[in-house]
Amino acid sequence: MTEKLLEGTKDPAPDSGYPQPPRRMGFFTDTSVCIGCKACEVACKEWNLIPDDGFSLLGMSYDNTGMLGADTWRHVAFIEQDRPLGRQNNAVALMPTGPSASAPNALMVAAGLGEEHGARLGTETGAIQLEPNTDGKPRQPVSADGRTELRWLMASDVCKHCTHAACLDVCPTGSLFRTEFGTVVVQEDICNGCGYCVPACPYGVIDQRKDDGRVWKCTLCYDRMSDGQEPACAKACPTESIQYGPLDELRERAAHRVARLHDAGVADARLYGADPDDGVGGTGAFFLLLDKPEVYGFPPDPVVTTRDLPAMWRHTLFAAVAVAATALAAFAGARR
Amino acid sequence: MSAAQETGSEVRRDGLHHVAPGREALIGSRGGRRPSRGGEVVPPAEFRSYYGRAVIKPPVWKAHNIAGYLFLGGVAGGAALLAAGADLTGRPGMRRAARLISASATGLSLSVLTRDLGRPERAVHMLRVVKPTSPMSIGTWLLGGFSPLVAVAALGEMSAALPRRAADLVGLLARPSGLAATAVAPAITTYTGALIANTAVPVWHESHRELPYLFGASALAAAGGLVTATTPAREAAPARLAGIVGSVAAQVFDRAIHRRLGMVAEPLTGGRPGRLLRASRWCARAGTALLAASAMRHSRALDVAGGLALAAESALTKFGYFHAGTASAADPKYTVLPQRERAEAAQ
């Protein structure tokens with residue numbers, strides 16, 4: 001049983017004991033068509049009755065949500081970069097120049113964030129040096145006043161519903177469970193707020209609600225799915241950046257989309273989480289990104305922690321034997 | 001021709017096979033520049049993040065509860081071993097001290113573990129399942145077996161305060177209970193390494209090979225120290241020895257972790273965790289020296305001072321590693337850089 005739980009198959013629902021499950025469902029979030037409208041954040045909050053998580057201006061971009069958490073199950077990231085978008089020249093006249101946030105603003109926000117969000121401001125996300133053109137000549141600022149290229153990356157983040165889900169593996173109460181659709185859901189009447197899943201998640205998704213004590217995260221709208229409806233965020237997305245459907249179809253569709261983007265000169269387009277052989281066995285919610293995953297706040301190469309658990313148990317056992325032997329030796333070696 | 005026919009945007013997820021999706025809005029396709037396919041220059045491995053925000057969530061555990069438990073659980077397990085040894089080798093003073101220490105540490109452990117839950121009244125939900133994939137679940141069952149045994153053994157030391165029939169029963173059960181507790185006691189001292197290593201926290205997960213040994217050794221140092229400090233000097237020799245060996249071994253494993261983790265070990269040396277671990281090393285030196293001196297002279301004063309120093313060493317180690325883990329989770333650097341290197345090595 002342990003072996004199956006740790007390794008799993010490519011299809012988690014039958015592995016979790018559903019004899020004839022429906023097809024595995026998931027999200028494909030195509031960030032190349034995301035317009036950052038946050039309709040997904042709002043729809044998710046409304047449908048799932050998620051409490052307000054504070055109105056704060058983070059001062060880092062148009063993203064004032066910050067990251068996923070107990071009260072944020074969809075999160076739209078905004079990234080501003082000094083790079084062109086595809087073949088476009090975006091450095092239009094009359095655009096302001098200079099950094100997107102002033103130094104006092106950044107300082108104030110950093111102080112306000114503190115350790116509460118476990119975050120530290122100040123690292124740059126974008127490419128600061130202009131990358132050379134294809135002919136090898138250095139790329140020049142596109143206008144005389146030093147205005148540079150510009151692109152905005154927007155991406156709607158969500159729980160990944162991993163094939164090998166660390167949160168589910170480590171949950172000591174069985175509150176987290178695998179649904180027949182292959183998704184991972186918290187049973188709130190079971191969760192006792194032990195908090196083990198929070199640092200176990202390699203994506204930093206699941207979190208404890210402070211005034212409630214239990215953990216919360218995206219359910220992929222389990223209630224809507226069970227009725228054949230698509231999740232609220234996908235329903236609300238006006239550009240179909242968020243697509244819901246059977247995972248195998250989504251993967252096929254995503255592969256086509258990446259190929260088309262490459263043809264259009266967007267060489268940076270890549271899929272994230274679509275590979276069933278990655279460290280979490282592929283994710284049920286995967287993404288098309290236009291830059292490296294860490295730029296969006298994703299881990300570049302996540303591995304489910306329980307993959308190393310057999311080694312941990314082995315060392316725990318050896319260590320326990322060593323402790324017992326040391327205690328025994330202490331009595332044998334001690335003279336009165 | 002309608003837009004839908006032109007772009008196929010009516011095509012939804014049903015029946016879509018080997019067909020491009022409906023969204024033909026290719027970014028940048030209206031631009032005038034030549035295609036630069038494959039012309040992107042791959043920058044050298046560098047650290048980038050989303051506005052410096054953490055990738056993973058730092059633990060929500062409170063340090064005084066969970067780091068406190070890492071220490072107390074070690075004391076409980078180590079002292080149970082020393083109590084059984086003292087019982088079998090005819091050291092009543094040491095047996096009494098060790099049993100009382102073990103039971104008190106166990107009681108405190110259960111208390112802090114329950115208090116750290118978001119819903120303490122649901123602590124019993126831990127008993128719904130037995131999950132080998134969750135060290136917390138296994139630990140719950142280990143503690144569940146261990147606690148009543150050390151409690152009965154400790155009651156055996158307090159029979160004077162009990163009604164006579166209860167005292168008779170406890171007197172009968174104390175030794176078998178104390179001996180049975182040794183079946184789980186060693187695992188109680190080491191599983192906490194797997195408990196915190198089985199997370200995405202960089203410092204904890206990367207040291208998953210060494211942590212069970214470090215925590216087990218540290219538990220022997222703490223239990224040996226506390227039992228030595230509360231035992232008549234002529235009986236304390238095995239506790240002194242266990243404490244000294246545990247302390248030395250803990251320092252060895254601590255060094256091994258620092259060496260092997262490379263850049264990820266930074267949180268262990270800087271800031272509060274660094275201060276705690278440096279203090280722990282001084283306590284280790286002082287404690288082992290004092291107990292070694294006492295092994296020659298059988299001095300009660302040296303025993304108390306050295307024993308408390310070793311207990312402090314263990315507590316400082318556990319709190320140091322706890323805070324280092326939290327610091328490594330809060331800084332995206334420790335999550336991103338090792339993974340970026342791994343990803344690029346795999347390509």
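Residues numbered from 1 in each chain as written. Chains lettered and ligands numbered in written order. Predicted model: local features only at pLDDT ≥ 70, side-chain atom pairs only at ≥ 80, totals over all residues.

Residue and element names in this part refer to chain A. Taken in spatial order, the four strands of this open sheet run β8-β1-β10-β9, and their pairing is mixed. Where the open sheet ends on each side, the last strands, each with one partner, are β8 (242-246) and β9 (270-272). Taking the axes of each pair of neighbouring strands and ignoring which way they run, one obtains an average angle of 25° across the sheet. As paired elements, strand β1 (residues 25-30) and β8 share five bridges and run antiparallel to each other. Its bridge partner lying in β8, phenylalanine 28 is registered against glutamine 243. (Pairing = 2+ DSSP bridges. Helix = DSSP H or I, 4+ residues; strand = E, 2+ residues; numbered from the N terminus. Axes fitted to C-alpha atoms, helices over the stretch in contact; angles between N-to-C directions.)

A few words now on the domain arrangement of chain A. By domain assignment, chain A separates into domain 1 (2-53 + 67-90 + 153-303) and domain 2 (310-336). Of note, the centres of domain 1 of chain A and domain 2 of chain A, computed from C-alpha atoms alone, are 44 Å apart. (Domains from an automatic or database assignment.)

All names here are of chain B. The sites that UniProt annotates as "transmembrane region" (unreviewed entry) are residues 66-85 and 134-155. Between the first and last C-alpha atoms of residues 66-85 the distance is 29 Å; the span itself is 100% helix and 0% strand. Counting secondary structure, residues 134-155 comes out at 95% helix and 0% strand; the distance between its end C-alpha atoms is 32 Å. (UniProt positions renumbered as here; feature names shortened; annotations may be inferred.)

All names here are of chain B. Orientation of helix α2 (residues 63-88) relative to helix α5 (residues 164-181), taken along the N-to-C sense of each, is 130°, at an axis distance of 8 Å. Of the possible angle classes, the one that applies to α2 and α5 is oblique. Considering how the two elements wind past one another, α2 and α5 form a crossing that is left-handed. Between α2 and α5, the residues in contact are Ala80, Ala83, Ala84 and Asp87 and Arg175, Gly178, Leu179 and Ala181, respectively. Taken together, the residues of the contact of α2 with α5 break down into five nonpolar, one polar and two charged. (Parallel < 35°, antiparallel > 145°, perpendicular 65-115°, else oblique. Left-handed = near helix turned anticlockwise from the far one by under 90°. Contact = placed C-beta atoms within 7 Å. Nonpolar A, V, L, I, M, F, W, Y, C, P; charged D, E, K, R; others polar.)

Bringing helix α12 (residues 300-330) of chain B into the picture now. The end-to-end C-alpha separation of α12 of chain B is 45 Å, in line with the 45 Å expected for 31 residues at 1.5 Å each. With 26 of 31 residues buried, α12 of chain B lies mostly within the body of the structure. (Expected span 1.5 Å × (residues − 1). Buried ≥ 20, exposed ≤ 12 C-beta atoms within 10 Å, placed from the backbone.)

All names here are of chain A. Using the residue numbers shown here, the UniProt feature "binding site: [4Fe-4S] cluster 1" (unreviewed entry) corresponds to Cys34, Cys37, Cys40 and Cys237. For the residues just named, distributed over 204 residues, the greatest C-alpha separation is only 10.6 Å, placing them together at one site. Secondary-structure assignment places cysteine 40 in helix α3 (residues 39-48). Judged by C-beta crowding, with 27 C-beta atoms within 10 Å, cysteine 40 ranks as buried.

This part is about the UniProt feature "binding site: [4Fe-4S] cluster 4" (unreviewed entry) in chain A. Residue and element names in this part refer to chain A. If you check UniProt for "binding site: [4Fe-4S] cluster 4" (unreviewed entry), the listed places come out as Cys171, Cys191, Cys194 and Cys197 in our numbering. Separation in sequence by 27 residues is not matched in space for these annotated residues, since their most distant C-alpha atoms are only 10.7 Å apart. Along the polypeptide, cysteine 191 turns up in the loop between β5 (184-186) and α6 (197-200). Among residues more than four places away in sequence, those in contact with cysteine 191 are Thr173, Ser175, Val186, Arg214 and Val215. Looking at the element boundaries, cysteine 197 is found in helix α6. Residues in contact with cysteine 197, not counting those within four places in the same chain, are Cys167, Val170, Cys171, Leu176, Ile206 and Val215.

Residues and elements named next belong to chain A. The buried fraction of strand β2 (residues 74-81) amounts to seven of the eight residues, a majority that puts the element mostly inside the structure. Of the strand pairs in this sheet, β2 and strand β3 (residues 151-158) are connected by eight bridges, and their pairing is antiparallel. Bridge assignment links isoleucine 79 to a residue of β3, and that residue is leucine 153.

Attention now moves to the nonpolar core. Counting 195 residues, the largest nonpolar core has Cys167, Cys197 and Cys201 of chain A together with Val75, Ala79, Leu82 and Val227 of chain B as the members making the most contacts within it. Here the element with the most residues in this core is α2 of chain B; it accounts for 15 residues. When residues are assigned to domains, this core turns out to be shared by domain 1 (2-53 + 67-90 + 153-303) and domain 2 (310-336) of chain A, each giving three or more. (Core = buried A, V, L, I, M, F, W, Y, C linked by C-beta atoms within 7 Å.)

Residue and element names in this part refer to chain B. Relative to the assigned elements, alanine 229 resides in helix α8 (residues 211-229). Taking the C-beta count within 10 Å as the criterion, alanine 229 has 23 such neighbours and is therefore assigned buried. Once the C-alpha coordinates of alanine 229 and arginine 300 are considered, the two residues, 71 residues apart in sequence, prove to be 7.7 Å apart. Residue contacts for alanine 229: discarding those within four places in its chain leaves Asp303, Val304, Gly307 and Leu308.

It is at 8 Å that the axes of helix α10 (residues 309-333) of chain A and helix α6 (residues 185-197) of chain B come closest, and there the two elements cross at 150°. What the angle tells us is that α10 of chain A and α6 of chain B run roughly antiparallel. In the crossing of α10 of chain A with α6 of chain B, the sense of the turn from one axis to the other is right-handed. Contact with α10 of chain A, carried on its side by Met312, Trp313, Thr316, Ala319, Ala320, Val321, Val323 and Ala324 of chain A, involves Pro186, Ala187, Thr189, Thr190, Tyr191, Gly193, Ala194 and Ala197 of chain B of α6 of chain B and no other residues of that element. Here the contact of α10 of chain A with α6 of chain B is composed, by residue class, of twelve nonpolar, four polar and no charged.

Another aspect to go through is the confidence of the model for chain B. All names here are of chain B. On average, residues of chain B score 89 in pLDDT, and 87% of them reach the 70 mark or higher. α8 holds the highest mean pLDDT among the elements of chain B, 98, whereas helix α1 (residues 3-7) holds the lowest, 36. Segment residues 1-24 is flagged for pLDDT under 50; beyond a separation of four residues in sequence, or across chains, it makes 23 contacts in the model. Residue range residues 28-44 is modelled with pLDDT below 50. Its contacts to residues more than four positions away, or to other chains, number 30 contacts. Across the interfaces of the predicted complex, the ipTM metric reaches 0.86, alongside a pTM of 0.86. (pLDDT = per-residue confidence, 0-100.)

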